[in-house]
Amino acid sequence: MATRLLERALRLGQEKDDADWLHSSTVKNQMKRMDPSFSERALGFRSFSDFVKSRDAVAELDETDPVRLIRLSPTANAS
């Protein structure tokens, strides 16, 4: 359920912004709009980044900048 929500939020963001990489805060806000009950803490994660890392089949996380970026995993794009 949360994995599907993450994937939908990433696809929506990519269509809207026409960009591969999206700010993690933008993605999280989109997920909360789509499902107000979403909470990474309720799923047992300390941070949204930890949640995203656990979904590496769906999303990639870039933490090289202070601004964390997320994109749909290339393998998820194939489907």
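A quick note: this is a predicted structure, and the numbers were derived from the prediction, not measured.

The rules behind these values
Residues numbered from 1 in each chain as written. Predicted model: local features only at pLDDT ≥ 70, side-chain atom pairs only at ≥ 80, totals over all residues. Heavy atoms only, no water. Helix = DSSP H or I, 4+ residues; strand = E, 2+ residues; numbered from the N terminus. Rg over C-alpha atoms; globule rule 2.2 N^0.38 Å. Buried < 20%, exposed > 50% of the residue type's maximum accessible area, 1.4 Å probe, protein only. Contact = heavy atoms within 4.5 Å. Areas by Shrake-Rupley, 256 points an atom, 1.4 Å probe, with all protein chains shown as cover.

The next subject is the overall build of the protein chain. Of regular secondary structure, the protein chain possesses four helices and three strands. Helices and strands in the protein chain line up, N terminus first, as α-β-α-α-β-β-α. Taking 79 residues into account, the globule formula puts the C-alpha radius of gyration at 12 Å, and the protein chain, at 11 Å, falls close to it. Principal-axis analysis of the C-alpha atoms places the extent of the protein chain at approximately 30 × 25 × 20 Å. Burial analysis of the protein chain (79 residues in total) assigns 37% to the buried set. In the protein chain, once contacts between residues fewer than 6 apart in sequence are set aside, the share between residues at least 24 apart is 48%. Of the roughly 4,900 Å² that the protein chain leaves accessible, carbon and sulfur atoms contribute 48%.

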